[in-house]
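Results of the structural survey
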Amino acid sequence: MASIFTKIIQGEIPCHKVAEDDRFLSFLDINPLAKGHTLVIPKKEVDYIFDLEDTLLTDLVLFAKKISKGIEKVVSCERIGMTVIGLEVPHVHIHLIPINSINDMNFSNPKVAMTKEELATLADSIASKLD
Ligand code: 5GP
């Protein structure tokens, strides 16, 4: 069965898209740890990041780098934290999270409530700042 992220890629499930090319997609996390929490995924459905073929893995990280520069321009923060967990959705994804302290990367923290409209506006703002 297709992963929920493959369904997003295929447009069956909506997302607040930040960027897309032929191999990668980036969109806001639906349940953000911080304003600007963004996911970066390969379109190829692979569960575990270290099963990705080398070129796809390195290019995924470079795509995430580009997205992080856009987030930094929109969300005030010390830096963008990057982590990979993957225990909930079996489709490779990098989390990009605006942080000011190590505690901001704690996934046990309460999530930030954002309306669909706020997420849409934020995604558009980040997208507009990408090189
Ligand atoms: P992980 O697999 O790394 O533990 O977490 C999966 C992440 O995907 C979570 O942060 C969760 O909020 C996010 N997520 C799960 N389903 C959806 C969805 O349908 N849309 C979006 N935008 N994010 C999702």
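Residues numbered from 1 in each chain as written. Predicted model: local features only at pLDDT ≥ 70, side-chain atom pairs only at ≥ 80, totals over all residues. Heavy atoms only, no water.

1. Points about the site of the ligand
- Surveying the vicinity of the ligand reveals 16 residues, the closest of which are Asp29, Gly86, Glu88, His93 and His95.
- Between an oxygen atom of the ligand and a side-chain N or O atom of Asp29, the distance comes to 2.5 Å.
- One of the backbone nitrogen or oxygen atoms of Ile30 is found 3.3 Å away from a nitrogen atom of the ligand.
- The fraction of the free accessible surface of the ligand (520 Å²) that becomes covered by protein chains is 89%.
- Tallying contributions element by element places helix α1 (residues 4–9) first for the shell around the ligand, with 3 residues.
- Residue classes in the shell around the ligand are distributed as 10 nonpolar, 4 polar and 2 charged. (Near = heavy atom within 4 Å. Polar contact = N/O pair within 3.5 Å; in protein donor to acceptor, adjacent residues only side chain to side chain. Areas by Shrake-Rupley, 256 points an atom, 1.4 Å probe, with all protein chains shown as cover. Helix = DSSP H or I, 4+ residues; strand = E, 2+ residues; numbered from the N terminus. Nonpolar A, V, L, I, M, F, W, Y, C, P; charged D, E, K, R; others polar.)

2. Considerations on the sheet that holds strand β4 (residues 79–83)
- Pairing within the open sheet is antiparallel, and its 5 strands lie in the order β1-β2-β3-β5-β4. Each edge of the open sheet is held by one strand with a lone partner, namely β1 (17–20) and β4. The sheet shows a mean angle of 20° between the axes of neighbouring strands, taken without regard to direction.
- As paired elements, β4 and strand β5 (residues 94–99) share 5 bridges and run antiparallel to each other. The partner of Gly81 across the bridge, within β5, is Ile97.
- Strands in contact with helix α2 (residues 54–74) are β1, β2 (24–28), β3 (38–42), β4 and β5; relative to β3, the strand with the most contacts, it is inclined by about 155°. (Pairing = 2+ DSSP bridges. Axes fitted to C-alpha atoms, helices over the stretch in contact; angles between N-to-C directions. Contact = heavy atoms within 4.5 Å.)

3. With respect to the pairing of β3
- Burial analysis of β3 places 5 of its 5 residues in the buried class, the great majority of the element.
- By the alternation rule, side chains of β3 split into Thr38, Val40 and Pro42 and Leu39 and Ile41, which are all buried.
- Sheet analysis places β2 next to β3, joined by 5 bridges and oriented antiparallel. The partner of Leu28 across the bridge, within β3, is Thr38.
- Where β3 meets β5, 3 bridges bridge the pair, whose relative direction is antiparallel. Looking at β5, one finds that Val40 is bridged to Ile94. (Buried < 20%, exposed > 50% of the residue type's maximum accessible area, 1.4 Å probe, protein only.)

4. Quick look at the side chain of Ser26
- Inspection of the secondary structure puts Ser26 in strand β2.
- When its relative accessible area of 0% is taken as the criterion, Ser26 is described as buried.
- Setting aside residues up to four positions removed in sequence, Ser26 forms contacts with Lys17, Val18, Ala19, Thr38, Leu39, Val40, Phe63 and Ile67.

5. Quick look at the environment of Glu72
- Positionally, Glu72 belongs in helix α2.
- Judged by its relative accessible area of 39%, Glu72 falls in the partly exposed class.
- Expressed as a C-alpha distance, the spacing of Glu72 and Asn106, which sit 34 residues apart in the sequence, is 20 Å.

6. Comments concerning the packing of aromatic side chains
- Tallying each qualifying case throughout the model produces 3 aromatic pairs.
- Look at Phe5 and Phe27: their rings are 5.4 Å apart centre to centre, the planes differ by 75°, and that puts the pair in the edge-to-face class. Here Phe5 is found in helix α1, whereas its partner Phe27 is found in strand β2, with 22 residues between them in sequence.
- Given the relative accessible area of 7%, Phe5 is considered buried.
- With relative accessibility at 3%, the residue Phe27 sits in the buried group.
- When the ring of Tyr48 is compared with that of Phe50, the centres are 5.7 Å apart and the planes differ by 90°; the resulting orientation is edge-to-face.
- On the basis of relative accessibility, which here comes to 59%, the residue Phe50 falls in the exposed class. (Phe/Tyr/Trp six-rings, centres within 6.5 Å; stacked < 30°, edge-to-face > 60°.)

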